[in-house]
Amino acid sequence: MTKRRSLLRASAATWLGAWLAIAKGQNVIRRLAFLGISAGPNFDLFRSRLGELGWVEQRNLVLDVRFTHGDGARFAPLTAELLALRPDVFVAPRDTMAIPAAASTATVPIVFAVGLDPVGYGLVKSLAQPGRNVTGFSFGGPELGPKQLSLLKEAVPGLRVVGVLVGNRDR
């Protein structure tokens, strides 16, 4: 699980780096707001990947960081605090952490690293056509189920029975 999260954080940083690359040649300082759960190796990897892509704090990047420390009640106030700093982009590790930002702004690009159901949470209209200022990586949700089953049946033509094990951490 840790390797997957590390890969996702690095991927998000790579995507974000590509987005910020437009400004790189313009010699401007970009402001990135990051709302995370806690500091640690995944955040260090994210920061390191930004550096590898040429985004260095105090040179061409201001990185405003806030952590909830596992307290979900802090999402909204910390999001408001970060958006008040007028960032060029807002980054959250999970789609659920991006919800307050999406509700607060239609102009600041919002990137989440892992989305379980961004359509269901109202962050995007659909995975194919997000239609808003929110984007990220999605691994599930009811919208992907039929497509995943279709691809599985294509990969295994004689497939007759499929079992699915689903876990819900909220219960």
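Residues numbered from 1 in each chain as written. Predicted model: local features only at pLDDT ≥ 70, side-chain atom pairs only at ≥ 80, totals over all residues. Heavy atoms only, no water.

1. A closer look at the pairing of strand β2 (residues 61-67)
- A large share of β2 lies buried, amounting to five of its seven residues.
- Pairing of strand β1 (residues 30-36) with β2 involves seven bridges; the strand directions are parallel. Paired with Leu-32 across the bridge in β2 is Leu-63.
- Each parallel crossover has a hand, and for β1 linked through helix α2 (residues 41-52) to β2 it is right-handed. (Buried < 20%, exposed > 50% of the residue type's maximum accessible area, 1.4 Å probe, protein only. Helix = DSSP H or I, 4+ residues; strand = E, 2+ residues; numbered from the N terminus. Pairing = 2+ DSSP bridges. Right-handed = clockwise from strand over helix to strand, strands pointing away.)

2. Let's talk about helix α4 (residues 95-104)
- Counting buried residues in α4 gives seven out of 10 residues, a clear majority hidden from the surface.
- Turning to α4, its buried residues number three or more, namely Asp-95, Thr-96, Met-97, Ala-98, Pro-100, Ala-101 and Ala-102.
- Where α4 is buried, its residues meet β1, α3 (75-83), β3 (89-94), β4 (110-115) and β5 (134-138). (Contact = heavy atoms within 4.5 Å.)

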